[in-house]
Amino acid sequence: MPRVLLVEDDPDVRKAVQLALRHQGHDVFAAGTGEEGLEQLRPFHPDVVVLDLMLPGMSGLDVCRRIRDRDQVPIIMVTAKGDDIDVVVGLEAGADDYVVKPVRARVLDARIRAVLRRQDASVSDAVRPRAESHGELVIDRAGLLVSHRGERVALAPSELRLLLTLSASPGQVFSRQQLLEAVWEHSYHGDIRLVDACVKRLRGKLGELGGDPRYVQTVRGFGYRFGAS
């Protein structure tokens with residue numbers, strides 16, 4: 001049973017979402033503040049965090065950043081605005097996906113299950129050689145481990161899945177829509193900001209912000225590709 005840590009300050013919304021997720025088969029701990037959510041991160045050990053962006057006291061963005069400082073648990077951000085700036089800032093802070101209020105239980109359940117599936121290697125990934133070396137970057141597909149210059153790189157589920165997808169076909173150009181479908185399982189015309197924000201975070205962890213990225217390369221007007229060593 002997937003464990004969901006729900007952080008939502010509105011008691012009515014919190015209760016409704018908690019009941020809906022439990023009905024969908026999730027074990028849910030509901031926190032009313034960001035501080036309470038952080039306190040429960042270790043003892044509850046959630047499989048995914050559903051985090052409201054607008055919280056009293058410690059904001060959802062601050063909670064997201066603090067979680068990312070200590071854990072790579074998937075984070076689904078919930079926003080009442082759907083505002084471009086809020087969404088982009090939240091994604092760049094480390095969120096893996098987002099939904100806009102009012103939250104529909106089926107949509108949230110689908111996003112939770114999709115983000116959890118991204119933690120597991122696909123069958124096609126698992127049958128590949130255990131470790132691939134691309135210059136100073138080593139990708140262990142079977143163990144879902146990544147190291148750069150000999151140091152382990154901690155990647156959130158969406159970041160790892162993006163890297164696995166791109167590196168499986170070095171040199172191939174993927175459109176943002178193709179990556180949405182492969183990584184986020186958004187088969188409809190989804191939000192390409194998910195892709196761009198995830199690319200930015202991944203590049204940062206690989207030390208490739210600015211200049212000419214070696215691994216995750218932009219093909220202007222088309223999308224992204226993985227540049228082999």
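Up top is the structure these notes are about.
Residues numbered from 1 in each chain as written. Predicted model: local features only at pLDDT ≥ 70, side-chain atom pairs only at ≥ 80, totals over all residues. Heavy atoms only, no water.

Next up on the list: helix H2 (residues 34-44). All of the buried residues in H2 are Gly-34, Gly-37, Leu-38, Leu-41 and Phe-44. What you see down the axis of H2 is that its buried residues fit within an arc of 145 degrees, all on one side. Facing away from the buried side of H2 by more than 90 degrees, the exposed set consists of Glu-39, Arg-42 and Pro-43. Taken together, the buried residues of H2 touch strand E1 (3-7), strand E2 (27-31), strand E3 (48-52) and helix H3 (60-70). Positive phi shows up at His-45, right after H2, with a value of about 50 degrees. (Buried < 20%, exposed > 50% of the residue type's maximum accessible area, 1.4 Å probe, protein only. Helix = DSSP H or I, 4+ residues; strand = E, 2+ residues; numbered from the N terminus. Arc of directions from axis to C-beta. Contact = heavy atoms within 4.5 Å.)

Of note, the bond from Lys-101 into Pro-102 is cis; its omega dihedral lies within 30 degrees of zero at -5 degrees. Non-glycine residue His-45 carries a positive phi angle of around 50 degrees. Tracing the chain through its elements places His-45 in the loop between H2 and E3. Among the residues examined, His-45 registers a relative accessible area of 49% and is labelled partly exposed. One non-glycine residue, Arg-149, lies in positive phi territory at about 55 degrees. A relative accessible area of 61% means that Arg-149 is categorised as exposed.

Now for the sheet that holds strand E11 (residues 216-219). One open sheet holds the 3 strands; their spatial order is E10-E12-E11, and the pairing between them is antiparallel. Two strands in the sheet have a free side with no partner beyond their single neighbour: strand E10 (174-175) and E11. With 2 bridges connecting them, E10 and strand E12 (residues 223-226) associate as antiparallel partners. Bridging from a neighbouring strand, Ser-175 pairs with Gly-223 of E12. Of the strands in this sheet, E11 and E12 touch helix H9 (residues 193-205), which is tilted by about 140 degrees from E11. (Pairing = 2+ DSSP bridges. Axes fitted to C-alpha atoms, helices over the stretch in contact; angles between N-to-C directions.)

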